[in-house]
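Chains, contacts and geometry: an overview
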Amino acid sequence: MFQGGELISKFKEIDFSIIIPTYNESENILNLIDAIKCNLPDNINAEVIIVDDNSPDGTGSIVEDYIRTCENPGYSGCSYLGSSGNESTATGDFESRIFRLRVVHRKIKFGLIPAILNGISASTGKYILIMDADFSHPPETIPILIRELIRDPDSIVVASRYMLGSSIKGWPYKRRLLSTSAVKIAKHSLRIGNISDPISGFFAISRNVVENVNIDSMGYKILLEILVKVKGVRVKEIPYTFVDRRSGTSKLDLSVALDYIRSVWRLYRYGQQSRPKQKSDTEKRSSVRFLSKVGRFYTVGATGLVINFLISYVLSNSITNMWYIHATTVGIAISVTTNFVLNKIWTFEDKQFQLGSTLRQYGLFASISALGAALQLGLLYIFVQSGIQFGLSLIFAVALASANNFLLNKKFTFHEKIWD
Ligand code: GDD
Ligand code: MN
């Protein structure tokens, strides 16, 4: 047992900082801290940093109280350093090694990645280990992660649920499917090498590796972001048995799932931007861009048909009892207008809205639509006359006329090259 200054001078360098984000983990947290203590290798100085988002079940204060009991002289091998601002610390010297426990309190629940980032910046260890608080990540695996990272400090050591020797206990089929789909999405859309569990929440990494990554602080999957952003990093995976939480509830909900899709998309974009451009890439992107515009143009066309039909139908029927020719004329006018607006904003992403030039574009768009209608009629006539069945003729005529509309609008209305 030591006091004040003596204690601080006795602080040896911390080897491992174990970061544990918590939200409503009151039933797990103290057991977990004890289990971690028991599983730490003898020669490792470690700190455990609990990052709590003001859990309503009092997780943060439970840890705080625990730290305070360590202050009690009767408590063996543990000493309380004191509370400063929003952090508390307890330190113990277990024979030759240091074990420190700290809690970082955050005012509101603000997501997993920011909590982990807070924990990392509050930590001092040379190496970082991240894990969940709900015993899904067995503390018995910690020494293996520690050993492997020390063996190769430039690598990332990941505890994997999806390799030979791993298993998952207690997850319903739906949750399993969700997780494996998330893994598949990540592996197919991002360049992350051959890793079986890129969204694991249980891994170890050197501080200097993680501190070189600019993490977006959005979403749930910090590992995925690190894997995308640290180019060519070696990954060592360790199998383990993931056990569904013993108590409390999962915080994974629909918004987390949507967040996930969004963050994979952002990482995908990140990968595209940071990759050196090759000729085949540019070509591929031109064709993707062209096809996506074609797709959008046809989608807009389809909404136009629906709008046209609905307006013509409603006007000529119930409300106004308009003459059907008038009703259809209004339907056509409105759908041409909505088509124009949608194509301008969405298909061609044209952000110029000066009145004069927009009206000119609108006039051109409407004229091309009229031309398209005439072309469609003409083609239909020719096809049917040459003996092609009416349905087939109609499909060909519509396809050709609308392709012509697309190309003319791309070039003349929105001033784009046909192919760029
Ligand atoms: N501070 C803080 N803030 N902690 C949080 C928050 C938050 O907003 N949300 C969750 N946590 C804590 C939980 O208390 C737990 O310790 C850990 O983060 C993981 O949360 P769970 O709710 O248990 O996640 P899970 O078991 O559904 O998800 C597991 O699988 C994912 C991949 O499928 C975890 O291992 C994730 O880390 C993993 O990415
Ligand atoms: Mn969990």
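Quick look at the structure, then. All values reported here derive from a predicted model rather than from experimental measurement.

**Considering the overall build of the protein chain**
Looking only at helices and strands, the protein chain features 13 helices and 11 strands. Relative to its full complement of 420 residues, the protein chain shows a buried share of 44%. Summarising the internal contacts of the protein chain: among those between residues at least 6 apart in sequence, 72% fall at separations of at least 24. When the accessible area of the protein chain is evaluated, it comes to approximately 22100 Å², of which 61% is carbon and sulfur surface.

**Focus on the packing of helix 6 (residues 173-189) against helix 9 (residues 254-274)**
Helix 9 packs onto helix 6 with a crossing angle of 10° between their chain directions and a minimal axis gap of 10 Å. Between helix 6 and helix 9, the interaxial angle falls into the category roughly parallel. Of the two possible hands of crossing, helix 6 and helix 9 adopt the one that is right-handed. Contacts between helix 6 and helix 9 involve A182, V183, I185, A186 and S189 on the former and, on the latter, Y260, I261, V264 and Y268. Residues that form the contact of helix 6 with helix 9 fall into these classes: 8 nonpolar, 1 polar and no charged.

**Observations regarding the site of ligand 1**
Lining the immediate surroundings of ligand 1 are 25 residues, of which E25, D132, R245, S250 and K251 lie closest. Contact distances for ligand 1 include 3.2 Å between a nitrogen atom and a backbone N or O atom of T22. A distance of 3.3 Å separates an oxygen atom of ligand 1 from a polar side-chain atom of H137. With the chains in place, 98% of the 740 Å² that ligand 1 exposes on its own is no longer accessible. Counting only elements with at least two residues in the shell around ligand 1, the list comes to strand 1 (16-22), helix 4 (112-122) and helix 6.

**Comments concerning the side chain of S166**
Structurally, the position occupied by S166 is in the loop between strand 7 (156-160) and strand 8 (167-169). For S166, a relative accessible area of 17% puts it in the buried group. Of the polar contacts made by the side chain of S166, one reaches the backbone oxygen of S160; its length is 2.8 Å. Setting aside anything within four residues of it in sequence, one finds S166 in contact with S160, R161, P239 and Y240.

**Digging into the packing of helix 11 (residues 324-347) against helix 12 (residues 355-385)**
Across the interface, helix 11 lies against helix 12 with an axial gap of 10 Å and an inter-helix angle of 120°. In terms of axis orientation, helix 11 runs oblique to helix 12. As helix 11 packs across helix 12, the resulting crossing turns out to be right-handed. Where helix 11 abuts helix 12, its residues A333, V336, T337, N339, F340, N343 and K344 lie against T358, Q361, Y362, F365, A366 and S369.

**Some remarks on the pairing of strand 9 (residues 203-206)**
In strand 9, alternate side chains face the same way, and those of F203 and I205 on one face and A204 and S206 on the other are all buried. As paired strands, strand 6 (residues 127-130) and strand 9 are joined by 4 bridges and run antiparallel to one another. Within strand 9, the residue paired with I128 across the bridge is I205. Pairing geometry for strand 7 and strand 9, over 3 bridges, is antiparallel. Residue I156 lies in a different strand from strand 9, and its bridge partner there is I205.

**Focus on the environment of K417**
In this fold, K417 is placed in the segment after helix 13 (390-413). C-alpha of K417 to C-alpha of L407: the two residues are 10 residues apart in sequence and 9.4 Å apart in space.

**A closer look at helix 9**
Between the first and last C-alpha of helix 9 there are 30 Å, a value that for 21 residues agrees with the 30 Å anticipated at 1.5 Å per step. V256, Y260, S263, V264 and L267 are the residues of helix 9 that are buried. Looking straight down helix 9, one finds its buried side chains confined to an arc of 105°; they lie on one side. Facing away from the buried surface of helix 9 by more than 90 degrees, the exposed residues are L254 and Q273. Each element contacted by the buried residues of helix 9 is listed here: helix 6 and helix 8 (222-229).

Conventions adopted
Residues numbered from 1 in each chain as written. Chains lettered and ligands numbered in written order. Predicted model: local features only at pLDDT ≥ 70, side-chain atom pairs only at ≥ 80, totals over all residues. Heavy atoms only, no water. Helix = DSSP H or I, 4+ residues; strand = E, 2+ residues; numbered from the N terminus. Buried < 20%, exposed > 50% of the residue type's maximum accessible area, 1.4 Å probe, protein only. Contact = heavy atoms within 4.5 Å. Areas by Shrake-Rupley, 256 points an atom, 1.4 Å probe, with all protein chains shown as cover. Axes fitted to C-alpha atoms, helices over the stretch in contact; angles between N-to-C directions. Parallel < 35°, antiparallel > 145°, perpendicular 65-115°, else oblique. Left-handed = near helix turned anticlockwise from the far one by under 90°. Nonpolar A, V, L, I, M, F, W, Y, C, P; charged D, E, K, R; others polar. Near = heavy atom within 4 Å. Polar contact = N/O pair within 3.5 Å; in protein donor to acceptor, adjacent residues only side chain to side chain. Pairing = 2+ DSSP bridges. Expected span 1.5 Å × (residues − 1). Arc of directions from axis to C-beta.

Coordinates in, geometry out; function isn't part of it.
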